[in-house]
Amino acid sequence: GARVQRIDPETGRGLRLFTTPKHDNGKPTGITLAPMPGDDARLGLYVADTHEHRVLVYDVESGSDEPALAFGSMGVEDGQFTYPTDIAVLTDSAGRVERIYVSEYGGHDRISVFSPELEFLFDFGVFGVAHEGDQAEHRVVFDRPQSIAVDSRARELIVTDACNHRLGRFTLEGEHIAWIGGGATDLMRYPYGLELIGDRQVLV
């Protein structure tokens with residue numbers, strides 16, 4: 001249904017419901033709450049509008065069912081997306097947006113990084129099967145990076161590399177730190193959802 005719902009956690013009742021503007025090609029996936037880009041005093045709801053190849057940002061406090069901002073378009077150039085899956089927002093100690101990270105899949109699997117002004121900064125990662133691609137020129141390969149999160153305290157980006165059956169730890173500049181799972185470990189099978197819960201722990 002391409003719906004976004006706000007649910008009362010105690011009763012399970014729906015408190016708010018709206019539909020993304022376009023969804024004939026497919027439905028959105030990832031969702032993130034963080035300050036609005038360009039207006040850190042307001043709370044934004046970032047939605048990976050996967051099959052429309054863009055990110056939508058809603059102003060939570062306005063109550064509007066229309067996105068306040070959208071960025072991205074279909075393509076493989078800087079600032080474009082194939083199928084974006086999730087958004088992670090890095091904020092500073094004052095709660096200001098520093099960077100916006102967007103993951104995507106579809107043969108151009110990578111993480112793109114944007115400024116608070118929504119300008120493309122850099123990207124990292126290429127599509128690849130882990131056991132074939134990791135050794136090639138020390139590249140970072142992804143096969144559907146489905147969910148991402150910023151560990152602000154450790155200054156790391158955590159990524160579920162779903163079809164390579166692993167989690168990745170990266171610096172905020174995209175340098176690889178470590179893989180968790182993958183290979184012959186059978187620790188995970190298609191990890192999708194991701195949530196940091198503090199004390200260097202993550203739910204997957």
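Keep in mind it's a predicted model, so treat the numbers as computed, not measured. (Residues numbered from 1 in each chain as written. Predicted model: local features only at pLDDT ≥ 70, side-chain atom pairs only at ≥ 80, totals over all residues. Heavy atoms only, no water.)

(A) Spatial organisation of the overall build of the protein chain. Helix and strand content of the protein chain: one helix and 18 strands. Taken over the C-alpha trace, the protein chain has a radius of gyration of 17 Å; the compact-globule value for 204 residues is 17 Å, and the two agree within 12%. Within the protein chain, buried positions represent 46% of all 204 residues. Residue pairs at least 24 apart in sequence account for 39% of intrachain contacts in the protein chain once pairs closer than 6 positions are excluded. Accessible area of the protein chain: about 10500 Å², with a carbon and sulfur share of 47%. Between the averaged position of the 19 positive side-chain charges in the protein chain and that of its 33 negative side-chain charges there is a distance of 4 Å. (Helix = DSSP H or I, 4+ residues; strand = E, 2+ residues; numbered from the N terminus. Rg over C-alpha atoms; globule rule 2.2 N^0.38 Å. Buried < 20%, exposed > 50% of the residue type's maximum accessible area, 1.4 Å probe, protein only. Contact = heavy atoms within 4.5 Å. Areas by Shrake-Rupley, 256 points an atom, 1.4 Å probe, with all protein chains shown as cover. Lys, Arg positive; Asp, Glu negative; His and termini not counted. Charge placed at Lys NZ, Arg CZ, Asp CG, Glu CD.)

(B) Highlighting the pairing of strand β7 (residues 83-91). Among the nine residues in β7, seven count as buried, and that is most of the element. Relative to strand β8 (residues 97-105), β7 runs antiparallel, the two being bridged by eight bridges. Opposite L90, over in β8, you have R99 as the bridge partner. Linking β7 to β8, which pair antiparallel, is a turn of five residues; within it G95 sits at a positive phi near 85°. (Pairing = 2+ DSSP bridges.)

(C) Main features of the nonpolar core. Ranked by size, the top nonpolar core spans 15 residues in total, and within it Y101, I111 and L157 carry the most contacts. Among the elements of the structure, β7, β9 (110-114), β10 (120-124), β13 (145-151) and β14 (156-161) are those that each provide at least two residues to this core. Setting aside chain neighbours within four positions, we find Y101 in contact with D86, I87, A88, L90, I111, S112, V113, I148, V150, L157 and L172. Of all hydrophobic cores here, the second largest spans 14 residues; its members include Y46, F71, F81 and I100. (Core = buried A, V, L, I, M, F, W, Y, C linked by side-chain atoms within 4.5 Å.)

(D) Up close: the side chain of D151. Looking at the element boundaries, D151 is found in strand β13. A distance of 2.7 Å separates a polar atom in the side chain of D151 from a polar atom in the side chain of R200. Discounting residues that sit within four places of it in the chain, D151 has contacts with E156, L196 and R200. (Polar contact = N/O pair within 3.5 Å; in protein donor to acceptor, adjacent residues only side chain to side chain.)

(E) Structural detail: the packing of aromatic side chains. This structure, assessed with the given rule, holds 11 aromatic pairs. An angle of 80° between the planes, with centres 6.0 Å apart, marks the rings of F114 and F120 as edge-to-face. With a relative accessible area of 2%, F114 lands in the buried category. Aromatic rings pair up to connect F71, F81, F114 and F120 into one cluster. The ring of Y105 has R144 lying over it, and the distance from NZ or CZ to the ring centre is 3.9 Å. Sitting above the plane of the W179 ring, R166 keeps its charged end 3.4 Å from the centroid. (Phe/Tyr/Trp six-rings, centres within 6.5 Å; stacked < 30°, edge-to-face > 60°. Lys NZ or Arg CZ within 6 Å of the ring centre and 35° of its normal.)

(F) Quick look at the sheet that holds strand β16 (residues 176-181). Across the sheet, which stays open at both edges, the four strands sit in the order β13-β14-β15-β16 with antiparallel pairing between neighbours. Of all the strands in the sheet, just β13 and β16 have a single pairing partner and so form its edges. Taking the axes of each pair of neighbouring strands and ignoring which way they run, one obtains an average angle of 20° across the sheet. Note: β14 against strand β15 (residues 166-171), six bridges, orientation antiparallel. Among the inter-strand pairings, D161 is bridged to a residue of β15, identified as R166. (Axes fitted to C-alpha atoms, helices over the stretch in contact; angles between N-to-C directions.)

(G) Examining the pattern of salt bridges more closely. With the rule as written, the count across this model stands at 14 salt bridges. Here R42 and E61 are joined by a salt bridge, their closest N and O atoms 3.9 Å apart. Highlighted residues: R42 in strand β4 (residues 39-49) and E61 in the loop between β5 (54-59) and β6 (69-71), separated in sequence by 19 residues. Connected through salt bridges with shared partners, the residues D151, E156, R169 and R200 form a single ionic network. (Salt bridge = Lys/Arg side-chain N within 4 Å of Asp/Glu carboxyl O.)

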